[in-house]
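# Architecture at a glance
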Amino acid sequence: MQVIRRRGWEIPEHRVTPEPIVLNRRAWLAAAGALAILPAIARADQPAAAAAGSAPVNPAFSNAGRAVTDAKYATTYNNYYEFGTDKSIWREAQALPQRPWTIRIDGMVGKPRTIGIDDLLAQIPQEERIYRHRCVEAWAMTVPWTGFPLSKLVKLADPLASARYVVFETAQDKSMPGLSDFYPWPYTEGVTIDEAANELAFISTGLYGKPLPPQNGGPIRLTLPWKYGFKSAKSIVRISFTDKRPATFWEALQASEYGFWANVNPAVPHPRWSQATERLLGTNERIPTQLFNGYADQVAALYAGLKNEKLFM
Ligand code: MTE
């Protein structure tokens, strides 16, 4: 018998708190203030994440074609199942220590190793990019991430030529009450080596010019703007290279609804709802969803030869 368990993204729209209309270019200014009211993300005895957060804007990604979402929505309406299935876990997530933080790099690499986040930040220059984000639940936001291209991390990891996939494993910490739920922890995601090399694939360590808050995946997360948000694994602790396609968290849980590729496509509905439109966080405006979340020019070629794959779920 199949047990029906309600996930956060099955919550009906009418249970989502109506949000005031705040859509203007002053979102940038408001962002600084909104983040300032959040509890400090690093304890006083932890080294400051000076290298994360503020960085020059990459002009190629300075305009996402939409108003930037007010920081107070992007940082208080989150999916982070390790802390619970509610959207309002941001307070609980402050308990996730951000330092010390290490990332294990292993699998098909020349030399497996463990690197501290501040060492990593010292080795790869940071930049800011404004990206659209589209959740599979049909809400969306537009936010400025700070970080660096995933391709630079792959280069640093020095994978063997035979590696085909990059797998991201995320934190399991005692501060996370959700880990006692039935889900197939740890939260794991993956991309192909070619996807990882794409110019859009990004590792985020900051948001709105500040270190990435824990609820958004601090201190380090994946950001793949052409895919549904669940591919963007938060709070990464391990990056592995392999020649086998990984079984990812949502695919392991419900393969009929969440696949490996998860590219955004308005024409392919989720089995239980339409993906034709999306709701903008902050304004609640509903707008049409775009193929590959509007990034088709940069990524469509990645999938040209994969006609028999379920690319859009
Ligand atoms: N990463 C981890 N470790 N745990 C999660 O529950 N949720 C995913 C993704 N990464 C999730 C995760 C989903 S469903 C989405 S839409 C985005 O994070 C949400 O990111 P945001 O809260 O920063 O908007």
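The structure we're discussing is the one just above.
Here we summarise the structure given alongside this text. Owing to the predicted nature of the structure, the values given are computational and were not obtained by experimental measurement.

Procedures and definitions
- Each chain has its residues counted from 1, following the order in which its sequence is written.
- Local features are withheld for residues below a pLDDT of 70 in this predicted model, meaning they are given only at 70 or higher, and side-chain atom pairs are given and counted only at 80 or more; totals for whole chains, interfaces and linings count all residues.
- The basis for every side-chain value is the complete set of heavy atoms in the structure, and neither hydrogens nor water enter the calculation.
- Only protein atoms enter the 1 Å grid used here. Points where a 1.4 Å probe fits but cannot escape make up a cavity, open sets with protein on both sides within 12 Å along at least five of seven lines make up a pocket, and a residue lines them when an atom lies within 4 Å of a point.
- Grid points are joined across faces, edges and corners, and a volume is the space filled by probe spheres set on the points.
- Here a salt bridge means any side-chain nitrogen of Lys or Arg lying within 4 Å of a carboxyl oxygen belonging to Asp or Glu.
- Each helix is a run of H or I in the DSSP string that is no shorter than four residues. Each strand is a run of E no shorter than two, and both are numbered from the N terminus.
- Residue exposure (1.4 Å probe, protein chains only): buried if accessible area is under 20% of the type maximum, exposed if over 50%, otherwise partly exposed.
- In these notes, residues near a molecule or strand are those with any non-hydrogen atom within 4 Å of it.
- Under the rule applied, a polar contact is a pair of N or O atoms within 3.5 Å (in protein, one hydrogen donor and one hydrogen acceptor; residues adjacent in sequence only if both atoms are side-chain atoms).
- To be clear on the numbers: accessible area is Shrake-Rupley with a 1.4 Å probe, and residue cover counts the displayed protein chains and nothing else.
- Whether a molecule sits in a cavity or pocket is decided by its atoms, more than half of which must lie within 2 Å of the grid points.
- Polar here means any residue outside two lists: the nonpolar Ala, Val, Leu, Ile, Met, Phe, Trp, Tyr, Cys and Pro, and the charged Asp, Glu, Lys and Arg; Gly therefore counts as polar.
- In this analysis, two residues are considered to be in contact whenever any of their non-hydrogen atoms come within 4.5 Å of each other.

Considering all chains together, one arrives at two cavities of 30 Å³ or more under this definition. In this structure, the largest cavity spans a volume of roughly 270 Å³. If you trace the largest cavity, you find 22 residues lining it, with Asn-79, Tyr-187, Gly-229, Ser-232 and Lys-234 closest to the centre. Forming the boundary of the second largest cavity are Val-136, Tyr-228, Glu-257, Val-268, Pro-269, His-270, Pro-271, Gln-275, Phe-312 and Met-313.

Another aspect to go through is the pattern of salt bridges. Counting across every chain of the model gives twelve salt bridges. Across the pair Glu-278 and Arg-66 runs a salt bridge, and its minimum N-O distance is 3.0 Å. Of the two residues, Glu-278 sits in strand β11 (residues 277-280) while Arg-66 sits in the loop between α1 (27-36) and α2 (71-74), which places them 212 residues apart along the sequence. Both residues of the pair, Glu-278 and Arg-66, belong to the buried class. Here Glu-257 ties to Arg-272 by a salt bridge, and the two come within 2.5 Å at their closest N and O atoms. Of this pair, Glu-257 sits in the loop between α7 (249-253) and β11 while Arg-272 sits in the loop between α7 and β11, and the two are 15 residues apart along the sequence.

Moving on, we come to the site of the ligand. Close contacts around the ligand come from 19 residues, with Tyr-81, Glu-82, Arg-221, Ser-232 and Lys-234 the closest. Interatomic distance of 3.3 Å between a side-chain N/O atom of Thr-170 and a nitrogen atom of the ligand. One of the backbone nitrogen or oxygen atoms of Ser-232 is found 2.8 Å away from a nitrogen atom of the ligand. Considering the ligand on its own, with 530 Å² of exposed area, one finds that the protein chains cover 100% of that surface. Here the ligand occupies the largest cavity. The residue inventory of the shell around the ligand, partitioned by class, reads nine nonpolar, seven polar and three charged.

The subject of this paragraph is the side chain of Glu-127. Residue placement: Glu-127 occurs in strand β3 (residues 127-134). The class for Glu-127 is buried, based on a relative accessible area of 15%. For Glu-127, the side chain forms a polar contact with the side chain of Asn-58, separated by 2.9 Å. A distance of 2.5 Å separates the side chain of Glu-127 from the side chain of Arg-129, its partner in a polar contact. Not counting the four nearest positions on each side in its chain, Glu-127 is found in contact with Ala-55, Pro-56, Asn-58, Trp-145, Thr-146, Gly-147, Pro-149 and Phe-202.

No statement about biological role is implied by the geometric values presented.
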